Amino acid sequence: MKDKINVIFVCLGNICRSPMAEFLFKKMTKSKGYVISSAATSYEEEGSPLHYGTRRILDRLGIEYSGFSAHRLTKAECDDADYLIGMEQSNLSGIKRICGRENEYKVHRLLDFTDFPHDIADPWYTHDFDTTYREISLGLTAFLKATEGEK
Ligand code: 4NP
C-alpha cells in the first residue's frame, strides 16, 4: 500500500490535454491519495498558460487552474512518478525517451484504462475541446477505478 500515488499526465505541448486531465483529476479526487501534475514531451509551449479551449472547459465547470505554466517533463519527475499517463501513442515514445528504460513500466495511455482504448486526438489541431473533455473524463474515471485500491 502506498501513501500517495504520484501521477503525471503528459501530452505534446502541456497546454491543452494534459493540464485538462490534471485539473479534472484534482477536482475528481480532491487530490486525496494522489499527487497530480502534468507535463509536455516538447519544449514548444514552455512557460505558456493554458490554451483558451481548455480554459473555457475548466471555467464552465468552475475548476481552478491559476498559476499554471507549461513545462517539459524532466527525468527527475519520471523517477518520482508512479504513473506517467500519455494522451496518444506518440506521447508514449516521447515519455520513454525522457524517462529511460527503468521507468517504462510506469508509462500508459489514458484510454487504455477504458473498454475502448484509443488515442485522444490533439485539440490543437481538431479545435474540438468538447470531445477532448468527454474522452479525458472517461479515461480518468477508469484510471481512478484501476488505481484507488492501491492506496
Ligand atoms: P497538447 O496540444 O499537446 O494537447 O497541449 C498541443 C499544444 C501545442 C502544440 C502541439 C500540441 N504545439 O505544437 O505548440
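Please refer to the structure higher up on the page.
Residues numbered from 1 in each chain as written. Predicted model: local features only at pLDDT ≥ 70, side-chain atom pairs only at ≥ 80, totals over all residues. Heavy atoms only, no water.

Help me understand the pattern of salt bridges, please; the structure alone is not making it clear to me.
Two side chains carrying opposite charge are able to pair once their charged atoms lie near each other. Here the structure, examined in full by the defined rule, presents nine salt bridges. The residue lysine 75 makes a salt bridge to glutamate 102 at a minimum N-O spacing of 2.8 Å. Placement of lysine 75 in helix α3 (residues 75-80) and of glutamate 102 in the loop between α4 (89-99) and β4 (107-109) is noted, with a sequence separation of 27 residues between them. Accessibility expressed as a relative area gives 48% for glutamate 102, which makes it partly exposed. Linking aspartate 112 and arginine 109 is a salt bridge whose minimum nitrogen-to-oxygen distance equals 2.8 Å. Taking relative accessible area as the criterion, arginine 109 reaches 11% and is therefore assigned buried. Beyond isolated ion pairs, a larger network of salt bridges with shared partners links Arg17, Glu88 and Asp122. (Salt bridge = Lys/Arg side-chain N within 4 Å of Asp/Glu carboxyl O. Helix = DSSP H or I, 4+ residues; strand = E, 2+ residues; numbered from the N terminus. Buried < 20%, exposed > 50% of the residue type's maximum accessible area, 1.4 Å probe, protein only.)

How should I be thinking about the site of the ligand in this particular structure?
Every residue lining the ligand is accounted for by Cys11, Leu12, Gly13, Asn14, Ile15, Cys16, Arg17, Glu44, Glu45, Asp122 and Trp124. Contact between the ligand and asparagine 14: an oxygen atom at 3.2 Å from a main-chain N or O atom of the residue. The separation between an oxygen atom of the ligand and a polar main-chain atom of isoleucine 15 is 3.0 Å. If the ligand stood free it would expose 350 Å²; the protein chains cover 94% of that surface. (Near = heavy atom within 4 Å. Polar contact = N/O pair within 3.5 Å; in protein donor to acceptor, adjacent residues only side chain to side chain. Areas by Shrake-Rupley, 256 points an atom, 1.4 Å probe, with all protein chains shown as cover.)

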